[in-house]
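Tertiary structure, described
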Amino acid sequence: MSFIVVATANKHKVDEYKKLLGDIEVDLKSLADFPNFPEVEENGKSFKENASIKAVAASKYCQAPAFADDSGLEVEALDGRPGIYSSRYAATDGERIAKLLSELEGKENRRARFVCAIAIAFNGEVLETFEGTVEGTITLAPRGDGGFGYDPVFQPDGYDQTFGELPAEVKNSISHRARAFASAVEFVEDELSLLGDTF
Ligand code: ITT
């Protein structure tokens, strides 16, 4: 069976993509299946640029169609930070959350959005990029231990619980990642039949 690589070292992202694939029949590999994949420098200026850098590198190294996800949290009162630096904002999830809450202390505006860019690449070329977002607010304290990253402090609009508290199926039906991935799947189904059963 053919396979596609998700160019990520983040196992939480891999888990989410496995669920998002649902009954689409494709063998999903990740960088865990390519342990010697060289580190790529994410030196792009946008989520889409960084997703493209990762997808291109993986499509070449793995000799297979690849997609990558660059994502993060944009906080209104912090002028969009941490944004593309979300994973580099501090060393661990706990420290990232603590730093975010301390930066927001005393601020009334706690609006934020998660952004996910997905790039699909084949033979070292980007075929297309997609973006998905989900709007919400940053809670005063972490709640729940589901999901990963900033999920315990992100409460999506229309819900009383954070992504850390909501069941995974709910996050996976409204998340930035789910929305970007839905557009990517639509593109692959509509536009890429020329690649036959590669996808
Ligand atoms: P790869 O580059 O290997 O994919 P990464 O975790 O470094 O792994 P990013 O550079 O895209 O990925 O950084 C995304 C960071 O944004 C991630 O580490 C989290 O801190 C945060 N983030 C992204 N999506 C999230 C989500 O669904 N829930 C919570 N936090 C998220």
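Residues numbered from 1 in each chain as written. Predicted model: local features only at pLDDT ≥ 70, side-chain atom pairs only at ≥ 80, totals over all residues. Heavy atoms only, no water.

Across all of its chains, the model carries 14 salt bridges by this definition. Of the charged contacts in the structure, one is a salt bridge between E16 and R177, with a shortest N-O distance of 2.8 Å. Of the two residues, E16 is situated in helix α1 (residues 11–21) and R177 in helix α5 (residues 176–191); the sequence distance between them amounts to 161 residues. Comparing E16 with R177, the two get one shared label, buried. In this structure, K54 engages D70 in a salt bridge whose closest nitrogen and oxygen atoms are separated by 2.9 Å. You can see K54 sitting in helix α2 (residues 47–62) and its partner D70 sitting in strand β3 (residues 66–75), a full 16 residues away along the chain. Judged by relative accessible area, which is 4%, D70 ranks as buried. (Salt bridge = Lys/Arg side-chain N within 4 Å of Asp/Glu carboxyl O. Helix = DSSP H or I, 4+ residues; strand = E, 2+ residues; numbered from the N terminus. Buried < 20%, exposed > 50% of the residue type's maximum accessible area, 1.4 Å probe, protein only.)

On to the pairing of strand β2 (residues 27–30). By the alternation rule, side chains of β2 split into L28 and S30, which are all buried, and D27 and K29, of which none is buried. The pairing of strand β1 (residues 3–6) with β2 spans four bridges and is classified as parallel. Looking at the pairing, V5 lines up with K29 of β2. Between the parallel pair β1 and β2, the chain is carried across by α1, and the sense of this crossover is right-handed. (Pairing = 2+ DSSP bridges. Right-handed = clockwise from strand over helix to strand, strands pointing away.)

So, on to the packing of α1 against α5. It is at 11 Å that the axes of α1 and α5 come closest, and there the two elements cross at 50°. The angle between α1 and α5 places the two elements in the oblique class. Relative to α5, α1 is oriented so that their crossing is right-handed. Each of K13, E16, Y17, L20 and L21 in α1 lies in contact with α5, whose residues at this interface are R177, A178 and F181. (Axes fitted to C-alpha atoms, helices over the stretch in contact; angles between N-to-C directions. Parallel < 35°, antiparallel > 145°, perpendicular 65-115°, else oblique. Left-handed = near helix turned anticlockwise from the far one by under 90°. Contact = heavy atoms within 4.5 Å.)

Here we come to the environment of K18. Of note, K18 is situated in helix α1. Exposure remark for K18: the relative accessible area of 49% places this residue in the partly exposed category.

Once that is clear, we can look at the site of the ligand. With respect to spatial proximity, 20 residues lie near the ligand, and among them T8, K13, K54, D151 and K171 are the closest. For the ligand, an oxygen atom lies 3.5 Å from a polar atom in the side chain of S87. For the ligand, whose unbound accessible area comes to 610 Å², protein coverage reaches 91%. When residues of the shell around the ligand are traced back to their parent elements, those giving at least two are β3 and α5. (Near = heavy atom within 4 Å. Polar contact = N/O pair within 3.5 Å; in protein donor to acceptor, adjacent residues only side chain to side chain. Areas by Shrake-Rupley, 256 points an atom, 1.4 Å probe, with all protein chains shown as cover.)

The periodicity of an α-helix, 3.6 residues per turn, causes residues three or four places apart in sequence to face the same way. Between its first and last C-alpha, helix α3 (residues 93–104) extends 17 Å over twelve residues, near the 16 Å set by a 1.5 Å rise per residue. Buried residues of α3: R96, I97, L100, L101 and L104, and no others. On an axial view of α3, the arc spanned by its buried residues comes to 130°, and they lie on one face. Where α3 is buried, its residues contact β3 and β5 (125–138). Taken from the residues just after α3, G106 is the one with a positive phi, measuring 80°. (Expected span 1.5 Å × (residues − 1). Arc of directions from axis to C-beta.)

Function-wise, these values are silent; they only describe arrangement.
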